[in-house]
Amino acid sequence: MTQDDLKKAVAQAAFKRIEPHLHEDSVIGVGTGSTANVFIEYLAEAKHLVTSTVASSEETARRLKEHGIPVYDLNSVDEVTVYIDGADEANEYLQLIKGGGAALTREKIIAAVAKEFICIADESKFVTVLGNFPLPVEVIPMARSHVGRQIVKLGGDPVYREGVLTDNGNVIIDIYNMSITDPRKLENDLNQIVGVVTNGLFAQRPADILLLGKADGVVEITSS
């Protein structure tokens, strides 16, 4: 199976899992990225059942609206029933690195609100130790140099992602060459740096379920 085939398999599995919840009281959180985009295509096939969604990026909101799926501001809903999103890396504890698409802050906010967070990914994203994928950090523009210096003190190599502005008007610094053996501590340490909005570690609030696409089918992994 190709990587695209695996993405389709996990997106379809996620849709089948949430299909029974598509009723008037459900709010579906939809993430950002190539795998989430495939999920949107499945969601569009049942758009007559979807009454409320919230989107983790302007791009995702645009895609949902193109299909005629209603999108609401997160502030206007009481809770998110389930949040579906991909990941750049995931470990056995369902701690994640996200933010390759620069939507990490809104993704993290929706994950915090969601009753259930389902991560969908292909097997190439499943790792023993997080950190091979560069860890994104969203930063207030005027603090970019300061944050970079603090990242060096933490043992990482900061690289400014040129030409990228988040939906919040901020910049991204990617941290290279850091083996993340304690994701919860590093998530907290990075967030304490003045000028950091948030970082792409989802360890304080990991996924509840990981649907992992493999050549022989989709495996469901739950957080331990």
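Whatever comes next refers back to the structure up there.
Residues numbered from 1 in each chain as written. Predicted model: local features only at pLDDT ≥ 70, side-chain atom pairs only at ≥ 80, totals over all residues. Heavy atoms only, no water.

> Residue-level account of the pattern of salt bridges, with values.
Summed over the entire model, instances satisfying the criterion amount to 13 salt bridges. Its salt-bridge partner being glutamate 58, residue arginine 106 comes within 3.0 Å of it at the nearest N-O pair. Residue arginine 106 is found in helix α4 (residues 104-113), and its partner glutamate 58 is found in helix α3 (residues 58-66); the two are separated by 48 residues along the sequence. The partly exposed category is assigned to arginine 106, whose relative accessible area is 24%. Take glutamate 58: its relative accessible area is 47%, and that puts it in the partly exposed class. Ionic pairing is found between lysine 115 and glutamate 79, a salt bridge with its closest N-O pair at 3.8 Å. Of this pair, lysine 115 sits in the loop between α4 and β6 (117-122) while glutamate 79 sits in the loop between α3 and β3 (82-85), and the two are 36 residues apart along the sequence. Overall, lysine 115 belongs to the exposed group, its relative accessible area being 56%. On the basis of relative accessible area, glutamate 79 is assigned to the partly exposed category, the value being 38%. Through salt bridges with shared partners, one network takes in Glu59, Arg62, Arg63 and Glu66. (Salt bridge = Lys/Arg side-chain N within 4 Å of Asp/Glu carboxyl O. Helix = DSSP H or I, 4+ residues; strand = E, 2+ residues; numbered from the N terminus. Buried < 20%, exposed > 50% of the residue type's maximum accessible area, 1.4 Å probe, protein only.)

> Before we move on, could you go through the environment of lysine 214 and cite the residues and values that matter?
By secondary structure assignment, the location of lysine 214 is in strand β12 (residues 209-214). In the structure, lysine 214 is positioned 212 residues away from threonine 2 in sequence and 10.0 Å away in space, judged by C-alpha atoms. Dropping the residues within four chain positions of it, lysine 214 is found in contact with Met1, Leu6, Glu123 and Val219. (Contact = heavy atoms within 4.5 Å.)

> Residues and numbers for the nonpolar core, please.
Within the largest apolar cluster, 26 residues are counted, with the highest numbers of intra-cluster contacts made by Ile18, Leu22, Phe39, Leu43, Ile84, Ile118 and Ile120. Of all the secondary structure elements, the ones that give two or more residues to this core are α1 (3-18), β1 (28-30), α2 (34-45), α3, β3, β6 and β12. Element by element, the count of residues in this core is highest for α2, at 6 residues. For isoleucine 118, the residues in contact, after removing those within four places along its chain, are Arg17, Ile18, Val82, Tyr83, Ile84, Asp85, Ile209 and Leu211. Core analysis: the second largest hydrophobic core is formed by 20 residues, Val77, Ala87, Ala114 and Cys119 among them. (Core = buried A, V, L, I, M, F, W, Y, C linked by side-chain atoms within 4.5 Å.)

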